[in-house]
Amino acid sequence: MSVLSYSESGFDTQDDRWDDWEDEEMNTPMKCLFCAQTFQSPVVLFQHAKKAHGFDFPKTRAALGLDFYQSMRVVNYIRTMGLSDPNFEQVSGFTIDGTEAFLNDDAYLKPAIPDDNLLYALDELDIDDSVSVGSLSRSFKADGLDSLESVRERELTARIRALEHQLGLREREVKFVSEQFDEYRQMVKRQFYDSIDDNGVDNGEKGSGSEEVDGSNYYFNSYAGNDIHMQMLQDKVRTEGYRDFIYDNKDVFKGKVVLDVGCGTGILSMFAARAGAAKVIAVDNSDIIHKARANVIENKLEGVITLVKGKIEDLELPVDKVDIIISEWMGYFLLFEAMLDSVLVARDRFLAPGGLLAPSASYIYLTAISDEEYINDQINYWDSVYGFKMSAMKSTGLVIEADVDVVPAKSVAASRALIAEIDHGTATPAALDFSSSFTLVATRDATIHAFLGYFDVAFSRSQASPGPSHAELSLPVSNVDGDDSAAQVSARALWKQPESSMNGFTTGPHGTATHWKQTVFVLREPIHAKQGDEVRGQFTCRKSTTNPRELDLDISYHHVAKDGSNQTADAKQLSYQLR
């Protein structure tokens, strides 16, 4: 038989423990939506957000009738913007009108930051004011001991309701991750990719089963959201490189018909329109084109720019030929994602004789790095993870995962070798699979831990002279902070040769970091090189046989000492994949 007892305060020792738990929960700090300040109360937090950042969350929530999950999406969306933009904390005005796509996007149900206590506080905002602590206290004083049980019952009911909301939140997170995993598993199982033949055209072939595989949806849908476009637009080397070429050469664009392949937000199309193009046709197969259309209308350029949704391989354009094709098609290591294939199809179908492509040429370079810190962070990290060994996480198979990362210029320990030179006016999709010999010369005594790949692009006024001369391409490079004028690298990593009316940019470690970063090919065994030693080898790049948007890469090499003697009896053979 249980006995209900009360202390003088009306609560037993179990209630004391409940109060301790409640106090601990109430003291959990919550980070501002915009800046790094933290608060103990969501009310104070939202008051700060209104005063400092111009966003009245409670008023917006009430005015738009946002439910609990839409409120979660608002919080996670704003936090995502803050993570992608270091200057976001300076926002002084932020509003939403209820038409935003993210309000119904379940991707934003996943917390943007770990253990976001503000999300749990949203539960408290749903609890009726009649069960607040103050009202409970007043009810107890008014009704006396007889009402204590009903008061505590209401309090517990409210608390249970809040906990149920928290449980629901976790269940939604698990469901979201599970759905993402199932989608990925099905993609792998069904070989979820575009069928691209040697000419870069969708050949319509079917997979091993009777059901047609449409991997294009997966690829194009990855470009439908805002985040990836914000990342690209904020890459000043990329965006200003295109802008400067177009604006510095308005006479080339004036009165011309321009085709923008993979237009995204429409930024390049709007650059071309502002530069005087008579007509711009912007093509994209992603749903981002609907927002691009809105951008064009908002900037009153709909009289010049026509937007068309679809694959360039399949579309018929409102014109027979265009004078200029602009496209930002580059992927990691230049060729990842195989979008250049589509640009070459557009060239063959629509570019008028003597027409221009922007960019007009591209170049892939290989060098070598000595970076023990990188190796410790990326490879040796698995030797001791909180005291546990996780060797299985390392690339121990025959094929090594190539890494994409920003490598500091000080890590470069060798000269660079040009391993691919692509004239966009004459290249064919088949030629984008290439094999090239290389020789790297150690510029200092160093332990070489990895090869490093990156690319440059050139913008020319005439496709007849698509890029710099071989002499210019062979110039040494320097850090943007260096004083080597021969490298002709500006503070923004944009290089120009006025005498040849050439523009371009680099993604190399000697320039400003870009969202393409560099591609790191870690060696299984480091090379102990002296200044002047050579590393000679063969580099092979080809589309993956399982997904032609991905790359398979092979490197064979051997170390030759400065005096000419081989320090390795046989060439090393390494295979990599870029996924």
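Residues numbered from 1 in each chain as written. Predicted model: local features only at pLDDT ≥ 70, side-chain atom pairs only at ≥ 80, totals over all residues. Heavy atoms only, no water.

### Some details on the overall build of the protein
Here's step 1: Check the secondary structure of the protein and you find 16 helices and 19 strands.
Here's step 2: For the protein, buried positions account for 47% of its 579 residues.
Here's step 3: Contacts spanning at least 24 positions in sequence make up 74% of the contacts within the protein whose residues lie at least 6 apart. (Helix = DSSP H or I, 4+ residues; strand = E, 2+ residues; numbered from the N terminus. Buried < 20%, exposed > 50% of the residue type's maximum accessible area, 1.4 Å probe, protein only. Contact = heavy atoms within 4.5 Å.)

### Brief notes about helix H14 (residues 339-350)
Here's step 1: The terminal C-alpha atoms of H14, which comprises 12 residues, lie 17 Å apart, in line with the 16 Å expected from a rise of 1.5 Å per residue.
Here's step 2: Across the 12 residues that make up H14, a large majority, 10, are buried.
Here's step 3: Among the residues making up H14, those that are buried are Met339, Leu340, Asp341, Ser342, Val343, Leu344, Val345, Ala346, Arg347 and Phe350. (Expected span 1.5 Å × (residues − 1).)

### Quick look at the pattern of salt bridges
Two side chains with opposite charge may pair up if their charged atoms get near one another.
Here's step 1: Under the counting rule described, the total for this entry stands at 17 salt bridges.
Here's step 2: The salt bridge involving Asp348 is made with Arg347; its shortest N-O contact spans 2.9 Å.
Here's step 3: The exposure class assigned to Arg347 is buried, which follows from its relative accessible area of 9%.
Here's step 4: One salt bridge in this structure joins Glu534 and Arg536, with 2.7 Å as the shortest N-O distance.
Here's step 5: Residue Glu534 is classed as partly exposed on the basis of its relative accessible area, which comes to 22%.
Here's step 6: For Arg536, a relative accessible area of 35% puts it in the partly exposed group.
Here's step 7: Sharing partners across several salt bridges, the network here consists of Glu240, Arg243 and Asp244. (Salt bridge = Lys/Arg side-chain N within 4 Å of Asp/Glu carboxyl O.)

### Digging into the sheet that holds strand S6 (residues 322-326)
Here's step 1: Judged by pairing direction, the sheet is parallel, and its 5 strands sit side by side in the order S5-S4-S3-S6-S7 without closing on themselves. Sheet topology places strand S5 (305-309) and strand S7 (351-358) at the edges, where each strand pairs with a single neighbour. The mean inter-strand angle of the sheet, taken between neighbouring strand axes irrespective of direction, is 20°.
Here's step 2: Where S6 meets S7, 4 bridges bridge the pair, whose relative direction is parallel. (Pairing = 2+ DSSP bridges. Axes fitted to C-alpha atoms, helices over the stretch in contact; angles between N-to-C directions.)

### Focus: unusual backbone geometry
Here's step 1: With an omega of 0°, the peptide bond between Ala358 and Pro359 qualifies as cis.
Here's step 2: Turning to its location among the elements, Pro359 is positioned in the loop between S7 and strand S8 (361-369).
Here's step 3: Notably, Lys300 is not glycine yet its phi reads approximately 60°, a positive angle.
Here's step 4: Checked against the element boundaries, Lys300 lands in the loop between helix H13 (288-298) and S5.

### Observations regarding the sheet that holds strand S9 (residues 399-401)
Here's step 1: Spatially, 5 strands are ordered S9-S19-S18-S17-S12 in an open sheet, and the strand pairing comes out mixed. Of all strands in the sheet, those with a lone pairing partner are S9 and strand S12 (434-441), marking the two edges. Averaged over all pairs of adjacent strands, the angle between their axes in this sheet comes to 30°, without regard to strand direction.
Here's step 2: By the bridge criterion, 10 bridges tie strand S17 (residues 534-543) to strand S18 (residues 551-560) in an arrangement that is antiparallel. Each residue of the ladder has a partner; that of Gly537, found in S18, is Tyr557.

### Let's talk about the pairing of strand S3 (residues 257-261)
Here's step 1: In terms of residue burial, S3 counts as a mostly covered element, since 5 of its 5 residues are buried.
Here's step 2: Residues Val257, Leu259 and Val261 line one face of S3 and the alternating positions Val258 and Asp260 line the opposite face, and both faces are buried.
Here's step 3: Alignment of S3 against strand S4 (residues 279-284), held across 5 bridges, turns out to be parallel. By the bridge assignment, Leu259 is partnered in S4 with Ile281.
Here's step 4: Each parallel crossover has a hand, and for S3 linked through helix H12 (residues 267-274) to S4 it is right-handed.
Here's step 5: The pairing of S3 with S6 spans 3 bridges and is classified as parallel. Note on S6: the bridge partner recorded for Leu259 is Ile325. (Right-handed = clockwise from strand over helix to strand, strands pointing away.)

### Notes on the side chain of Ser370
Here's step 1: Along the polypeptide, Ser370 turns up in the loop between S8 and helix H15 (372-378).
Here's step 2: For Ser370, the contacting residues outside a window of four places in its chain are Ser411, Ala413, Arg444, Ala446, Thr447 and His449.

### Structural notes on a nonpolar patch on the surface
Here's step 1: On the surface, Tyr381, Tyr386, Phe388, Met390 and Met393 cluster together to form a nonpolar patch covering roughly 630 Å² of accessible area.
Here's step 2: If you trace the backbone, Phe388 turns up in the loop between H15 and S9. (Patch = residues over 30% accessible without salt bridge, like charges linked within 9 Å, V, L, I, M, F, W, Y side chains within 5 Å. Areas by Shrake-Rupley, 256 points an atom, 1.4 Å probe, with all protein chains shown as cover.)

### Side note on the nonpolar core
Here's step 1: One finds Phe253, Leu259, Phe333, Phe438, Phe451, Phe521 and Phe539 to be the most contacted residues of the largest nonpolar core, which totals 91 residues.
Here's step 2: Examining the composition of this core, we find that 6 residues originate from one element, H14, more than from any other.
Here's step 3: Setting aside its immediate chain neighbours within four residues, Phe521 contacts Phe333, Leu366, Ala402, Ala450, Phe451, Gly453, Phe539, Leu553, Ile555 and Tyr576.
Here's step 4: By size, the runner-up hydrophobic cluster in this structure holds 31 residues, among which are Tyr77, Met81, Leu119 and Leu122. (Core = buried A, V, L, I, M, F, W, Y, C linked by side-chain atoms within 4.5 Å.)

### Examining the packing of helix H10 (residues 236-248) against H12
In a pair of packed helices, the angle between the axes and the distance between the axes together describe the arrangement.
Here's step 1: Interhelical geometry of H10 versus H12 gives an angle of 20° and a closest axis separation of 9 Å. Taken together, the axes of H10 and H12 are roughly parallel relative to one another. Considering only the axes of H10 and H12, their crossing is right-handed. Counted together, Thr239, Tyr242, Arg243, Ile246 and Tyr247 of H10 and Leu268, Phe271, Ala272 and Arg274 of H12 form the full contact between these two elements. (Parallel < 35°, antiparallel > 145°, perpendicular 65-115°, else oblique. Left-handed = near helix turned anticlockwise from the far one by under 90°.)

### Here we look at the side chain of Ser327
Here's step 1: You can see Ser327 is positioned in the loop between S6 and H14.
Here's step 2: A relative accessible area of 2% means that Ser327 is categorised as buried.
Here's step 3: There is a polar contact of 2.8 Å between the side chain of Ser327 and the backbone oxygen of Val261.
Here's step 4: Discounting residues that sit within four places of it in the chain, Ser327 has contacts with Tyr242, Asp260, Val261, Leu268, Met339, Val343, Ala358 and Pro359. (Polar contact = N/O pair within 3.5 Å; in protein donor to acceptor, adjacent residues only side chain to side chain.)

### Considering helix H3 (residues 57-64)
Here's step 1: The complete set of buried residues in H3 reads Phe57, Thr60 and Arg61. What you see down the axis of H3 is that its buried residues fit within an arc of 100°, all on one side. In H3, the exposed residues that point more than 90 degrees away from the buried face are Lys59, Ala62 and Ala63.
Here's step 2: The residue sitting at the N-terminus of H3 and contributing the capping side-chain oxygen is Asp56; that oxygen lies 3.1 Å from the backbone nitrogen of Lys59.
Here's step 3: Looking one or two residues past H3, Gly65 carries a phi angle of roughly 65°, positive in sign. (Arc of directions from axis to C-beta.)

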